[in-house]
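Residue-level structure breakdown
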Amino acid sequence: MKVLLGVSGSENASYAMEVTLERLVGSEDDLSVAVYASDAATDIDEVHQQAREFIEAHDVTADVRRIEGDPASSLSDLAEREYDHLVMPGGSKSPTGKIQLDKVHQFVLLNAQLPVTLVR
Amino acid sequence: MTRRYPDERVSDFPKPPAEIVDHEDREIAIRVLDADEAEDLVGMYLEFNPEDRAQGIPPVEEPQIRDWVDSVCIENGHSVVAWYDEDIVGHAMLVDDDTGAAELAVFVLRDYQGARIGTALCETLLGHAQTLGLERIWLSVERWNEPAIRLYQNLGFQRTEQETLELEMTMRLEPE
């Protein structure tokens with residue numbers, strides 16, 4: 001199975017990467033990581049760098065891809081066209097601890113035509 | 001994402017402590033939470049029905065409840081609680097975000113819901129917020145939670161019309 005993990009520099013990105021990599025150990029799945037900017041404040045170069053460092057630290061094989069254009073639809077399109085499963089961090093937490101899903105999550109959940117897993 | 005707040009300010013909320021008789025004729029005391037009452041607050045959340053969670057809070061398992069009560073409710077939050085006899089049956093809190101505004105969350109045990117305790121908790125919490133000089137208050141609520149949305153609208157919260165999965169509402173308080 002080809003798994004695409006979409007990350008954008010949220011606090012949960014490392015946790016989602018950790019969990020996804022652990023589940024891949026011993027399986028025959030291939031992993032790609034797609035980095036995107038969920039809002040104007042995100043530095044996509046930084047997210048790209050973090051993803052590369054994480055992969056190296058875990059000594060796994062995974063390519064890193066950059067999403068250009070509108071992140072929500074571009075991530076969805078890429079996942080549908082080239083992968084079997086889309087995995088994403090399951091949202092960030094508000095000050096009270098409430099889970100907050102961003103526009104990319106919402107679009108993907110409502111539109112992507114493949115299995116989507118939110119990691120929490 | 002910059003949150004939009006109304007231009008008009010809301011004022012005149014009652015200040016804690018308060019005593020109310022709820023719709024079931026129970027005498028409920030509403031007070032600012034003391035740090036040494038943390039265990040009582042944990043006690044409430046151990047009784048809390050997981051079906052009444054909102055967006056993942058309160059946590060369900062005891063270790064996570066304790067951690068959340070300590071680090072979010074007590075350390076980072078301003079809380080008022082509703083006491084019935086010796087038990088805390090409702091809790092409303094404001095937690096500072098990074099912009100000088102505060103997020104509001106309120107929870108009431110199922111057996112005590114629908115009795116206006118949530119309203120009383122929020123009113124006194126907002127009164128307390130006025131005393132503390134907090135001006136910008138926001139919250140998020142599930143779009144299908146009509147009773148909660150009505151409660152917030154009656155308090156003076158306005159929808160921000162954000163394209164988010166959950167409904168966001170804001171209020172600008174008059175400090176007192």
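Since this is a predicted model, take the numbers as computed values, not measurements.

**A few points about the overall build of chain B**
A tally of regular secondary structure across chain B gives four helices and eight strands. In chain B, the order of α-helices and β-strands from amino to carboxyl end is β-β-α-α-β-β-β-α-β-α-β-β. Scaling as 2.2 N^0.38, a compact globule of 176 residues should have a C-alpha radius of gyration of about 16 Å, and chain B matches this with 15 Å. Along the first, second and third principal axes, the C-alpha atoms of chain B reach 40 × 30 × 30 Å. Going through the 176 residues of chain B one by one, you find that 51% of them count as buried.

**Focus: unusual backbone geometry**
Residues and elements named next belong to chain B. Omega for the bond connecting P16 with P17 falls within 30 degrees of zero, at 0 degrees, which places this linkage in the cis form. Following the sequence through the fold, P17 ends up in the segment before β1 (18-21). Looking along the chain, the bond that leaves I57 and enters P58 is cis, with omega of 0 degrees. In the Ramachandran plot, D25 falls in the positive-phi region, its phi being about 65 degrees despite a non-glycine side chain. Structurally, the position occupied by D25 is in the loop between β1 and β2 (27-32). Classification of D25 by relative accessible area gives exposed; the value is 67%.

**Focus: the state of the cysteines**
Residue and element names in this part refer to chain B. Applying the stated rule across the entire model yields zero disulfides over all chains. Take C73: it sits in no disulfide, and the sulfur closest to it among the cysteines is that of C122, at 14 Å. With a relative accessible area of 1%, C73 lands in the buried category. Accessibility expressed as a relative area gives 0% for C122, which makes it buried.

**A short note on the environment of B:T170**
All names here are of chain B. Looking at where T170 falls in the secondary structure, it is placed in strand β8 (residues 167-172). Exposure remark for T170: the relative accessible area of 1% places this residue in the buried category. C-alpha separation for the pair T170 and H91, spaced 79 residues apart in sequence, amounts to 20 Å. Apart from the residues lying within four places of it in its own chain, the contact partners of T170 are R3, R4, Y5, P6, I137, W138, G156, F157, Q158 and T160. Engagement of the side chain of T170 in a polar contact is seen with the backbone oxygen of R4, the distance being 2.8 Å.

**Points about the packing of helix α1 (residues 38-47) of chain B against helix α2 (residues 62-75) of chain B**
Residues and elements named next belong to chain B. One can describe the packing of α1 onto α2 by two numbers: an axis separation of 10 Å at closest approach and a directional angle of 130 degrees. When the interaxial angle is binned, α1 and α2 end up oblique. When you trace α1 past α2, the crossing you get is right-handed. For the pair α1 and α2, contact is made by A38, E39, L41, V42, Y45 and L46 and by E62, I65, R66, W68, V69, D70, C73 and I74, respectively. Of the residues contributing to the contact of α1 with α2, the split by class is 10 nonpolar, no polar and four charged.

**Considering the confidence of the model for chain A**
Of all residues in chain A, 100% have pLDDT values of 70 or greater, and the mean over the chain is 89. The secondary structure element of chain A with the lowest average pLDDT is helix α1 (residues 13-24) of chain A, at 81, and the one with the highest is helix α3 (residues 71-82) of chain A, at 96.

**Description of the sheet that holds strand β7 (residues 116-119) of chain A**
Residue and element names in this part refer to chain A. The five strands lie next to each other as β3-β2-β1-β4-β7, forming an open sheet whose pairing is parallel. Of all strands in the sheet, those bounded by a partner on one side alone are β3 (62-66) and β7. Put simply, the sheet's adjacent strands are angled 25 degrees from each other on average, direction ignored. Bridge count between strand β4 (residues 85-89) and β7: four bridges; the pairing is parallel.

**A closer look at the packing of aromatic side chains**
Residue and element names in this part refer to chain B. Under the defined criterion, the tally for this structure stands at seven aromatic pairs over all chains. Their ring planes at 90 degrees and their centres at 5.6 Å tell us that F48 and F107 sit as a pair that is edge-to-face. Within this pair, whereas F48 is found in the loop between α1 and α2, its partner F107 is found in strand β5 (residues 102-108), the two being separated by 59 residues in sequence. Taken together, a centroid distance of 5.9 Å and an interplanar angle of 80 degrees make the contact between Y152 and F157 edge-to-face. Taking relative accessible area as the criterion, Y152 reaches 6% and is therefore assigned buried. On the basis of relative accessibility, which here comes to 3%, the residue F157 falls in the buried class.

Analysis parameters
Residues numbered from 1 in each chain as written. Chains lettered and ligands numbered in written order. Predicted model: local features only at pLDDT ≥ 70, side-chain atom pairs only at ≥ 80, totals over all residues. Heavy atoms only, no water. Helix = DSSP H or I, 4+ residues; strand = E, 2+ residues; numbered from the N terminus. Rg over C-alpha atoms; globule rule 2.2 N^0.38 Å. Buried < 20%, exposed > 50% of the residue type's maximum accessible area, 1.4 Å probe, protein only. Disulfide = S-S within 2.5 Å. Contact = heavy atoms within 4.5 Å. Polar contact = N/O pair within 3.5 Å; in protein donor to acceptor, adjacent residues only side chain to side chain. Axes fitted to C-alpha atoms, helices over the stretch in contact; angles between N-to-C directions. Parallel < 35°, antiparallel > 145°, perpendicular 65-115°, else oblique. Left-handed = near helix turned anticlockwise from the far one by under 90°. Nonpolar A, V, L, I, M, F, W, Y, C, P; charged D, E, K, R; others polar. pLDDT = per-residue confidence, 0-100. Pairing = 2+ DSSP bridges. Phe/Tyr/Trp six-rings, centres within 6.5 Å; stacked < 30°, edge-to-face > 60°.

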